[in-house]
Amino acid sequence: MSDPMEPSTSKSDPNPIIGPITLLHPRREPFEHGLLPIQKLIFTDPLQALIPLKQKLASSSSSSTHRVNSDALADALQISSEHARLILDTLASVLHSEPDPLVNAHPDDVGSVGSDLRDLILFLYIQSYKRLLPRSHKDSAAVADVWPSTSAFDGYLSALSPLQLVRSNTRRFMPSQADEEAHQLSYLQKHLANIISLLSEPVEGEGEESLVLTMEGFEHLGFLIQFGDKGSEGIPLSQAAPFFANSDPDMPAVPVPASQVLDWLLENIASSLEHITDKISAKENGPQGGSDQDVAMADASSSSVRASPNARNCCFIEGVSKSSYVKQASDLKHSSVKVINCHDSVIYILAPLRYATIYGCSDATIVLGAVGKAVRVEHCERVHLIIAAKRVCIANCRECLFFLGVNQRPLVVGDNHKLQVAPYNTFYSQLEEHMTEVGIQATMNRWDEPLALGAVDPHDSLSHPAGVSDAQAESAAQLDPDQFTNFLIPNWFEGESAGSTKDNPFPLPDAYLKSQLRNQKNLSEIKQILREAPLEENRKRELSCALHVYFKDWLYGNPLSLLPVTYVSYTAYKVIETLRLDGMIRQVDGFNSFSSLLPDGRVIAVGGQETS
C-alpha cells in the first residue's frame, strides 16, 4: 500500500492517488440498534435476494422521491403490516441523515412517509450481520462477587436443552469497543463490493465500468460508514472522497466508476483495521490499569466507578456497585450512554440523549432522562428501569420491571423471563425540556403494547438449536396497578437545574391513577392520625424506634430497595417525612430526611444523598 498522501487539488491530475484523509469508522448505531430478529429479513445471499427486491420496490415507489411506504414494503417482503411498520420505525431510529422525512415524521405517519429506497436496501442488507461473540471475564471470582449466583429461574433452566442453558445462564460480557469496531469493519470489507453495486447505476459499457456511483448514491453510504471521530459531526462523506470533494455545488457531480469508489474505500478500511489492530495489540501487551477509552468493558473493577468519555460521542458508566451515581445534562456532553455491569446500585442519567445501552446489570434501579432515538436493554436481571424514550428494545432479560414513557411499541426479543411493564412513574425539573429537545411526545405512551419477536437471535454468532428459529419471545406482563408506586428523584442540585416540570408528564391510565389516588388518600389518613396522636416525648421516641425497625424490615423484604438512595413507595416516604417535620424522627448523619445504616455498612436514605 502506498504511503498516505494529502488530497491533491491540482486540475492537471484528474485521477490523483489519494491516501486516507483520516480514519474511516463504521457507524455503530445500525449494528447496535438496527438489527431485527425477523426471519424473512435474514438472507443467505443478500445480493441475490436484494437485486430483484430493489427492482420491485423501485417500480412501486414514487418515481420522483424513490420512497417506499409500509404497504409496498409488506407486499414486497411478504410480511405483516405490523412488521413492515416496525422496519420503518427501526430504520428511522438509526438513519444518518437528520433532515430525512422519515426521521422527522409524526409517529402516526411513519408508514405513509416511508423510507428512501437506498437506505432501506442498506438496512435490509446488514440484517445478515452476525454480532461478535461475547467474551468471558478474566476474573470469574470478581463476577461471582457482583452477580448473584442464584436465580428464580434455576429450576426452569434445568429443563432446557444444553445449548439453551448455556445461552440463558452464561454470564456474558461485551467485547471492547475496539474489538467491535474491528469486527464491523471486517464485515464491511467483506461485503462492500455487494453494497456498492446495490447503490450503483448501470451505464452503457462492459466489464467493471458498466456501473457508476453518483454523489447522491455515495452519500447513502453514510448510513454505514463515517470519517472522523465525532460521529454525526464528522467530515461529510462526499467531502472526504477525492472524486467528489471539489465538486461545484451548483452543478451535478460527474458519476464515478463503482470500481474506483470500491478501491478507495477498501484502502481506507484496510488502514483503519491496521490502526485498530495495533491499538488492541498495544493494550494486550501494555501495562494494565491505564485510562483507556476502549478498554474491555468487562475489565472494569466491580468496586469502582468508571465513567469514561469516548471520542465518538459515547459515555461509559461501568462497574458501579453498591452505590448511587448521578449524571446531569451539565456534565454529560455526549449523545450516547452505555451502562455496563452495574450491580446493587441506583444510576440516574438525567439528560437528553440520542442512544442508550444498558448491559449486564443486576439488582439495580436505572433512570434514563430522555432518549430521542433508541434504548437497548440486554442481559439484565432484577433491574428496575425508568425510561422516557422514543423506542425501547429489551433482549435476554430476567425479572426486570420497566416503567416506560415510549412513543413506539416496546420491542421484546431473545430469551426473556418474567418481565413486567408499567407506565412512567417519575419526573425531575428539566424532564419536559429534555423530552422536547429530543422529540419525545408525552401524549403518546405505548408502554402497554409490547411486541415480542424471535426467542432466538439470528444475529448472534452462536449456532442455534434446530426447530426454534421461529419461536416467539416471551412477552412482558403489565404490573398490577396496586403495586404501582411513584419513584422520587432527590433534588440534589436545586437552583442549578431549574426547570418547569412539576409532575409526571405522561398521563396515567385510569387503573394506575386510581391506585395513586388511593395511596394518597391512605397517606392523608395516616398523617392525620399521627398528627392527632396525643403522645408524650418518651412515646414519640418509642414510635420513632419502631418505625426505624419496621422500615428496615420492609427494606430487607424488597431486594431492589437495598440501595444507597432507596427505591421506596410514595406512601412510606411521605409518612416518614411527615414524622420528621413533626419532630418525631430526628435528622441522622446530616441527612435532610430519614436515614438508617444497614448491618453491612450501606446507608439507606430517603430523599437525600448517600455518604460512603
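Residues numbered from 1 in each chain as written. Predicted model: local features only at pLDDT ≥ 70, side-chain atom pairs only at ≥ 80, totals over all residues. Heavy atoms only, no water.

- Per an unreviewed UniProt entry, the protein chain goes by TBCC domain-containing protein 1 and derives from Gossypium armourianum.
- Per UniProt, the protein chain has the following entry under Sequence similarities (unreviewed entry): "Belongs to the TBCC family." (UniProt positions renumbered as here; feature names shortened; annotations may be inferred.)

Focus on the pattern of salt bridges
Phase 1: The full count for this structure, using the stated rule, is 18 salt bridges.
Phase 2: The shortest N-O distance in the salt bridge between R118 and D116 comes to 3.3 Å. As far as the burial class goes, R118 and D116 line up, both buried.
Phase 3: Overlapping salt bridges bring together D363, E381, R382, R398 and E399 as one network. (Salt bridge = Lys/Arg side-chain N within 4 Å of Asp/Glu carboxyl O. Buried < 20%, exposed > 50% of the residue type's maximum accessible area, 1.4 Å probe, protein only.)

A closer look at the packing of helix α4 (residues 81–94) against helix α7 (residues 117–125)
Phase 1: For the pair α4 and α7, interaxial distance at closest approach is 11 Å and the crossing angle is 100 degrees. Our classification of the angle between α4 and α7 gives roughly perpendicular. Within the contact between the two elements, α4 uses I87, T90 and L91 and α7 uses D119, L120 and F123.
Phase 2: Looking at the contact of α4 with α7 residue by residue, the classes come out as four nonpolar, one polar and one charged. (Axes fitted to C-alpha atoms, helices over the stretch in contact; angles between N-to-C directions. Helix = DSSP H or I, 4+ residues; strand = E, 2+ residues; numbered from the N terminus. Parallel < 35°, antiparallel > 145°, perpendicular 65-115°, else oblique. Contact = heavy atoms within 4.5 Å. Nonpolar A, V, L, I, M, F, W, Y, C, P; charged D, E, K, R; others polar.)

Details of the nonpolar core
Phase 1: F218 and L265 are the most contacted members of the largest nonpolar core, which totals 78 residues.
Phase 2: Among the elements that make up this core, the one with the highest residue count is helix α11 (residues 177–199) (ten residues).
Phase 3: The residue makeup of this core includes at least three contributed by each of domain 1 (23–131 + 177–243 + 255–269) and domain 2 (314–483).
Phase 4: Residues within four places of L265 in sequence aside, it is in contact with L24, L192, I196, F218, L221 and I225.
Phase 5: Counting residues in each nonpolar core, the second largest holds 62 residues, with V326, C361, C397 and Y428 among its members. (Core = buried A, V, L, I, M, F, W, Y, C linked by side-chain atoms within 4.5 Å. Domains from an automatic or database assignment.)

Comments concerning the sheet that holds strand β4 (residues 201–202)
Phase 1: The strand order β4-β5-β7 describes an open sheet built from three strands, whose pairing is antiparallel. Each end of this open sheet is capped by a strand with a single partner; those strands are β4 and β7 (256–257).
Phase 2: Pairing geometry for β4 and strand β5 (residues 211–213), over two bridges, is antiparallel. The partner of P202 across the bridge, within β5, is L211. (Pairing = 2+ DSSP bridges.)

Some details on the pairing of strand β13 (residues 365–378)
Phase 1: β13 sits mainly inside the fold: 14 of its 14 residues count as buried.
Phase 2: Sheet topology note: the strand β12 (residues 346–359)/β13 ladder contains eleven bridges and is parallel. What sits directly across from T357, in β13, is R376.
Phase 3: Examined bridge by bridge, β13 and strand β14 (residues 384–389) share five bridges and lie parallel to one another. In the strand pairing of β14, I366 is matched with L385.
Phase 4: Relative to strand β15 (residues 392–395), β13 runs parallel, the two sharing four bridges.

What to know about the state of the cysteines
Phase 1: Under the criterion given, the structure shown has zero disulfides.
Phase 2: Lacking any disulfide linkage, C361 is separated from the closest cysteine sulfur, that of C342, by 4.7 Å.
Phase 3: For C361, a relative accessible area of 0% puts it in the buried group. (Disulfide = S-S within 2.5 Å.)

Some words on the environment of S80
Phase 1: Within the secondary structure, S80 is located in the loop between α3 (70–77) and α4.
Phase 2: Judged by relative accessible area, which is 33%, S80 ranks as partly exposed.
Phase 3: A sequence separation of ten residues divides S80 from S70, and the C-alpha atoms of the two residues are 9.6 Å apart.
Phase 4: Side-chain polar atoms of S80 contact the backbone nitrogen of H83, separated by 3.1 Å. (Polar contact = N/O pair within 3.5 Å; in protein donor to acceptor, adjacent residues only side chain to side chain.)

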